[in-house]
Structure formats: C-alpha cells, structure tokens
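Notes for the structure review
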Amino acid sequence: MKKIICFFICACFLMHGLCAKAENEQTVNAVDLGIDAKAVILMEEDSGKVLYEDHPDDKLPIASVTKVMTMLLIMEAVDDGRITLDDMVTVSENAMSYGGSTMFLETGEQLTVNDMVKGIAVASANDGCVAMAEYIAGSESAFVDMMNAKAKELGMENTHFVNTNGLDADDHYSSARDVAIMSRELIKHKIVFNYTSIWMDTLRGGKFQLANTNKLIRFYDGANGLKTGSTSKALCCLSATAKRNNMQLIAVVLGAPTSALRFSSAKALLDYGFANYAVNTIVTAGEEIDKVHVEKGVEKEVSIVAGESFSTLIEKGKEDNVSKEIIIDENITAPVEAGQKIGTIRISSGDETLKEIDITALNAVEKKGIGLIVRDFFRMLFHGRDDIVAENL
C-alpha cells in the first residue's frame, strides 16, 4: 500500500513538472491574438528575439515563401561580386516551362538580374527563380543544394528544399521559425527592399505590368516586404516585414485558410509588436563620443566616434537597465590614423557585459615636425607657454 501511495505522489509531481514546462513554453504568448493559421511567429530583426509564437517548429509546406531563400542566395551572389544587377540572364527552355505565377519568360529571352529579381519579389515568378538558379549555379538542382546548405548554416532545423519556387512537392517543407530566420538573413541585404517594397511596376519597357502579391505593402504603415505564397497543399502563407520607429519586425504566417486571413493574421502580429515593444538605441555607428587630447600632434585634439551601432529591445512601460561605459586608451600620441582604435564602449546589463564596441579616431592627426617644435619653443620663450615645453618633452 505504501508503495502505491509513493508511486501516486511521484506521478503527481511528474505531471506537475510537465504542466509547468508546458506553461513556460507558452509564456512568449501573453495574449490571444485570434489568429487563424497553422503556425505563426513574430520576431524582432536586430535582436532576433521572438515576441509571439504558435506551433513555430511544425514542419509545413510554405509555397512561394520558399523564394525568400532563393532571393537570399541571389543577394549574396550580388554582394560577393559573383554577379551584378546588370548581368544579362538568358532564359532556358526548362525555366520557360514552369507554370503557376510567372513573368512569362520565353526561351532565349534575355533580362537583367535586376529585372529577374523584380519579377521574383513582386510577381512571385516561378520561371524567374529557375532562370536565376541556372545562371548562378548552372542548374536548378545545384542551386537547391546551395539552398539546403544555407539552411543548415543558418540553423534552420526543420527545413528541406527540393525546388527554388515552392511549388508543391514531397519532402519540401519549412517551419515558421525557420522562415523567420531566413527572412532575417535576407533583409540584412538592404537592397532587397528596393524590390519587396514595390507596389506596382513594369518590365520589358512597360509592356509587362507587375503588381505586388503582398497587399500589406500598400495598406499597412511601415510594410517593406517580404514574400507571399499559396498552394492547395500549403494554403496561404506570408513572411511580412515592417519597420516603424527604427524597429524592424518579421511576422510569419503559415497555413492560413484564406488570403484575407493570412494578411489579417500578419497585421495582428505586427500590431502587437509595435504596440508593446520598442528599440532603445544605446549607441549609433559614427556617433561622435567626445574629443581627446593628442600628444605631439599638429592638432591637439581628435574627435572619436563609435565603430558600430548597438540597441536593445524593450517592453514598453518597463525599465531598461542597460548602461554604457566609455574607456579611452591612455597616452594618445601622434601620428593618429583615421579609424584607429582609441578606446572601447562597454555596454552592460547589471554585471553582464552585453557588447564591447571600438571607439575610433574620426580623422588623422599628423605628428609635429621639427619646424613646429622649434616654433612652439620660441612661443614659449616670448609668451611663457610652459605647456608647450611639457608637450614636446
């Protein structure tokens, strides 16, 4: 009997622990936003912090939201110098054969990389994805290998691609969290907003009209991207990005029953984020910190600036206990080069150091030559400038 009682007590403790764990896993959702979708997530871009989630790691088809990864690899190729936006891309018969949403490419037709990306980002062109994949990697299959390698590099644990455009296929899936991760990586390439924020445009000298499939671009304040998707298997999906007051949010909606519900769900997520959170900018890259004395320099002072930016995400109405400490190197002596490290900004929260940022010289300061030293010496003789003597010792 005692053994049965002990077993019962242990079982109660175990169930209590499991329930507590389940409650902790749901604490990111402070409110019910009334969203109708299979999975959603809201992420702040700079910190990567998740502000809201529901079934974020479920493996689901994502339709044309797949093109976020396709565009990411294109942007990387542009930034790496492997291709340029002015390169001419020749359309293959294979690329032309793709249906669904297209930019109506013809075999042998040539368009610039710029126009191809515009077609992919605005019109969700399946044929444009394949044309760009072949241009960058030689074949679509080789490009898909690159997509999966990039997903692994980014830590996208619930993703596998089999094509470049998201047409329904076995073993092609991702998750809301992984879509947010690759969306966050894509928007590091700020040039992509030149395409994803277009509402209407044209190609082929005005002969082909483009209208953005992401209706938030026109109707939601601050919307700047990113990609829609819908198939019979995936239902209606969206990775939506918007920026207000220096805060960039990423809202992912997967498996919404209708197009209207995917947009209203994304809007609810974004509204929640902007209403409850804000970015506190601690330091901005290039911000002048102070002026410091330079020993034996043609100029006696040099302006010093922050080497990079740092901000924190705060919940509105709650105090941010982040502080910064300016630490300047001792004995700054000429010559000083522009960009030379002069000190450090230490950003802390309590006893924890969050970040150390280099403080650098804004401009160069040359060392005094013998002529200036002699001139200052005679100024001292006639004007009693003891500080000049001390400086040149």
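Just so it is clear, the model here is predicted, and its values are computed rather than measured.

Looking at the nonpolar core
Among the nonpolar cores identified, the biggest contains 64 residues, and Met69, Ile74, Met116, Met132, Phe161 and Met182 are the most heavily contacted of them. Examining the composition of this core, we find that nine residues originate from one element, helix H2 (residues 67-79), more than from any other. Other than its neighbours up to four places away in sequence, methionine 182 contacts Ile62, Val65, Val68, Met69, Leu72, Leu154, Met156 and Phe161. Counting residues in each nonpolar core, the second largest holds 26 residues, with Val40, Tyr52, Cys236 and Met247 among its members.

A short note on unusual backbone geometry
A negative phi holds for most residues other than glycine; trans holds for most peptide bonds. For the bond from glycine 225 to leucine 226, the omega torsion is 20 degrees, close enough to zero to count as cis. The linkage connecting alanine 334 with the following residue, proline 335, adopts the cis geometry, with an omega of 5 degrees. We note that aspartate 171 has phi near 70 degrees; this positive angle belongs to a residue other than glycine. Structurally, aspartate 171 can be placed in the loop between helix H6 (140-153) and helix H7 (176-186). Of the residues examined, aspartate 171 reaches a relative accessible area of 46% and is grouped as partly exposed.

Examining helix H5 (residues 126-137)
A rise of 1.5 Å per residue sets the reference length of H5, with its twelve residues, at 16 Å; its end C-alpha atoms lie 17 Å apart and thus fit the reference within 8%. For H5, a buried count of ten out of twelve residues is recorded, marking the element as mostly surrounded by other parts of the structure. Among the residues of H5, Asn126, Asp127, Gly128, Cys129, Val130, Ala131, Met132, Ala133, Glu134 and Ile136 are the ones counted as buried. Looking at the packing, one finds that the buried side of H5 touches H2, strand E3 (88-90), helix H3 (93-96), helix H4 (113-123) and H6. Downstream of H5 by a residue or two, glycine 138 has a phi angle that is positive, lying close to 95 degrees.

Conventions used here
Residues numbered from 1 in each chain as written. Predicted model: local features only at pLDDT ≥ 70, side-chain atom pairs only at ≥ 80, totals over all residues. Heavy atoms only, no water. Core = buried A, V, L, I, M, F, W, Y, C linked by side-chain atoms within 4.5 Å. Buried < 20%, exposed > 50% of the residue type's maximum accessible area, 1.4 Å probe, protein only. Helix = DSSP H or I, 4+ residues; strand = E, 2+ residues; numbered from the N terminus. Contact = heavy atoms within 4.5 Å. Expected span 1.5 Å × (residues − 1).

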